[in-house]
Amino acid sequence: MKKAKMKGRNLLCKVDVKDIAFLNAIFEWYHEVATVRTKDRKEGLIELWIAPNFYEDALKAIDYLKSGGFVKKFEIVKEVGDDWHKE
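A.B. asks: What is the right way to read the sheet that holds strand β4 (residues 74–81) from this model?
C.D. replies: Backbone hydrogen bonds hold the strands of a sheet together, and the pairing may be parallel or antiparallel. Pairing is antiparallel across the open sheet formed by 4 strands, whose spatial order is β2-β3-β1-β4. A single partner strand is all that each edge strand has here, and the edge strands are β2 (34–40) and β4. On average, each strand axis in the sheet is tilted by 30 degrees relative to the strand beside it, whichever way the strands run. Two strands pair when backbone bridges link them, and strand β1 (residues 9–15) and strand β3 (residues 45–50) are joined in this way by 6 bridges, in the antiparallel orientation. Across the sheet, leucine 11 pairs through a bridge with leucine 48, a residue of β3. Packed onto the sheet, helix α2 (residues 55–67) meets β1, β3 and β4 and runs at close to 160 degrees relative to β4.

Below is the structure:
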């Protein structure tokens, strides 16, 4: 019997444009949690590709970045699915 693949979750987020590189570096350091993809640099839209089993950790990281004053803005716009593996 074939085992079902565990899927990740993707969040579309709005951030300050100047923070995109910083956020990318943070999540790159913790690559097992999420990957950042810039969707619209001018609008500050990024997509977080969150690994299976790390959704709660990614949300904690977002909260920490906001509450610690590391980023001024980090708004989750919506969950956009998990079809990035097909791209």
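Here the narrative resumes, following the displayed structure.
A.B. asks: Looking at this structure, I do not really get the nonpolar core. What am I missing?
C.D. replies: With 18 residues, the main nonpolar core has Leu23, Phe27, Ile46, Leu48, Ile50 and Phe74 as its most contacted residues. If you list the elements that add at least two residues to this core, you get β1, α1 (20–29), β2, β3 and α2. For this core, the element with the highest residue contribution is α2, accounting for 4 residues. Apart from the residues lying within four places of it in its own chain, the contact partners of leucine 48 are Arg9, Asn10, Leu11, Cys13, Phe27, Thr35, Val36, Ile62 and Phe74.

A.B. asks: Sorry, what's going on with the confidence of the model for the protein chain here?
C.D. replies: Low pLDDT means the predicted coordinates in that region are not meant to be read closely. Averaged over all residues, the pLDDT of the protein chain equals 86, while 86% of them reach at least 70. Across the protein chain, element-level confidence peaks in β2 with a mean pLDDT of 93 and bottoms out in β4 with 86.

Criteria and cut-off values
Residues numbered from 1 in each chain as written. Predicted model: local features only at pLDDT ≥ 70, side-chain atom pairs only at ≥ 80, totals over all residues. Heavy atoms only, no water. Pairing = 2+ DSSP bridges. Helix = DSSP H or I, 4+ residues; strand = E, 2+ residues; numbered from the N terminus. Axes fitted to C-alpha atoms, helices over the stretch in contact; angles between N-to-C directions. Contact = heavy atoms within 4.5 Å. Core = buried A, V, L, I, M, F, W, Y, C linked by side-chain atoms within 4.5 Å. Buried < 20%, exposed > 50% of the residue type's maximum accessible area, 1.4 Å probe, protein only. pLDDT = per-residue confidence, 0-100.

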